[in-house]
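A closer look at the structure
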Amino acid sequence: MSKWSIIRIARKTYTVPARLKGLEVEVRQYADRLEVYYKDKLMEEMERIHGVGEARIDYRHIIHSLVRKPGAFARYRFRENLFPTQTFRLAYESLYRFRGERADVEYVRILYLAATTMESEVERALSLLLESGSPFDYIEVRDLAAPVVPLIPRLTLLGVPDLKVYDALLAGGIR
């Protein structure tokens, strides 16, 4: 496997999770799927693609690398595979229209947010922002798609525990 989380099987390109990057994996091919094993443990199962030169790129597998070098998005060979839905594609086009070259950085950050939280929530936020027709950026998407942080209740102690009771338990004194 390459150092980029990419494997080539029968002249087709697939991505695997970044944790497998640079490791030797075993791939088992079936009519409808591929199974990727590392040290005899199934690590990934994916739909098999048909046709010479085709690619199956899962943005979740490579987004961590793209975040470190967002400029690479513009030149990425499989860039067309980095739009999980039509909404994400429309969002990128809107970002490019309003932000120009900065759109690549913003989009990669939005894609990272989708990979690390809930893609459906990010897509919902993008839909709302696209409907408004106003310029937007990563911060606005993040704020709309942010998972709700649960409130942790305050606990009050009813008193100071008597540690002698615990000492007696450890010593075998209480039955």
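The preceding data block contains the structure.
Conventions adopted
- Residues numbered from 1 in each chain as written.
- Predicted model: local features only at pLDDT ≥ 70, side-chain atom pairs only at ≥ 80, totals over all residues.
- Heavy atoms only, no water.
- Pairing = 2+ DSSP bridges.
- Helix = DSSP H or I, 4+ residues; strand = E, 2+ residues; numbered from the N terminus.
- Salt bridge = Lys/Arg side-chain N within 4 Å of Asp/Glu carboxyl O.
- Buried < 20%, exposed > 50% of the residue type's maximum accessible area, 1.4 Å probe, protein only.
- Contact = heavy atoms within 4.5 Å.
- Expected span 1.5 Å × (residues − 1).
- Arc of directions from axis to C-beta.
- Axes fitted to C-alpha atoms, helices over the stretch in contact; angles between N-to-C directions.

1. Digging into the pairing of strand S1 (residues 6–9)
As judged from the four bridges shared by S1 and strand S2 (residues 12–15), these two strands associate in the antiparallel manner. In the sheet register, Ile-9 faces S2, and the bridge partner there is Lys-12. Hairpin remark: S1 followed by S2, antiparallel, with two residues in the connecting loop; positive phi at Ala-10, about 50 degrees.

2. Quick notes on the pairing of strand S4 (residues 33–38)
Two elements, strand S3 (residues 26–29) and S4, share four bridges in a ladder whose sense is antiparallel. Its bridge partner lying in S4, Arg-28 is registered against Glu-35. Here S3 folds back onto S4, and the loop between the two strands holds three residues. Of the strand pairs in this sheet, S4 and strand S5 (residues 41–47) are connected by six bridges, and their pairing is antiparallel. By the bridge assignment for S5, Arg-33 is matched with Glu-47. As consecutive antiparallel partners, S4 and S5 are separated by two residues, and within that stretch Lys-39 has a phi angle of approximately 50 degrees, a positive value.

3. Focus on the environment of Ser-127
Within the secondary structure, Ser-127 sits in helix H5 (residues 119–132). Residues Ser-127 and Thr-87, 40 residues apart in the sequence, show an inter-C-alpha distance of 6.6 Å.

4. Some remarks on the pattern of salt bridges
Under the counting rule described, the total for this entry stands at ten salt bridges. Here Glu-35 makes a salt bridge to Arg-33, at a shortest N to O gap of 3.2 Å. Judged by relative accessible area, which is 24%, Arg-33 ranks as partly exposed. A salt bridge links Asp-58 to Arg-60, with the shortest nitrogen-to-oxygen separation between them at 3.1 Å. With a relative accessible area of 13%, Asp-58 lands in the buried category. Where salt bridges share partners, they join Asp-32, Arg-33, Glu-35 and Glu-45 into one cluster.

5. Considerations on the side chain of Glu-106
Positionally, Glu-106 belongs in helix H4 (residues 102–116). Residue Glu-106 is classed as buried on the basis of its relative accessible area, which comes to 6%. Beyond its immediate sequence surroundings of up to four residues, Glu-106 is in contact with Leu-95, Arg-99, Asp-137 and Tyr-138.

6. Some details on helix H3 (residues 86–99)
Along its 14 residues, H3 runs 19 Å from first to last C-alpha, staying within 8% of the 20 Å computed at 1.5 Å per residue. All of the buried residues in H3 are Thr-87, Phe-88, Ala-91, Tyr-92, Ser-94 and Leu-95. Taken around the axis of H3, the buried residues stretch over an arc of 165 degrees, which confines them to a single face. What points out from H3, more than 90 degrees from its buried face, is the exposed set Gln-86 and Arg-97. Looking at the packing, one finds that the buried side of H3 touches helix H2 (72–75), H4 and H5.

7. Points about the sheet that holds S4
Spatially, S3-S4-S5 is the arrangement adopted by the three strands of the open sheet, whose pairing is antiparallel. Strands at the two margins of the open sheet, each flanked by one partner only, are S3 and S5. Strand-to-strand twist in this sheet, taken as the mean axis angle between neighbours without regard to direction, amounts to 20 degrees.

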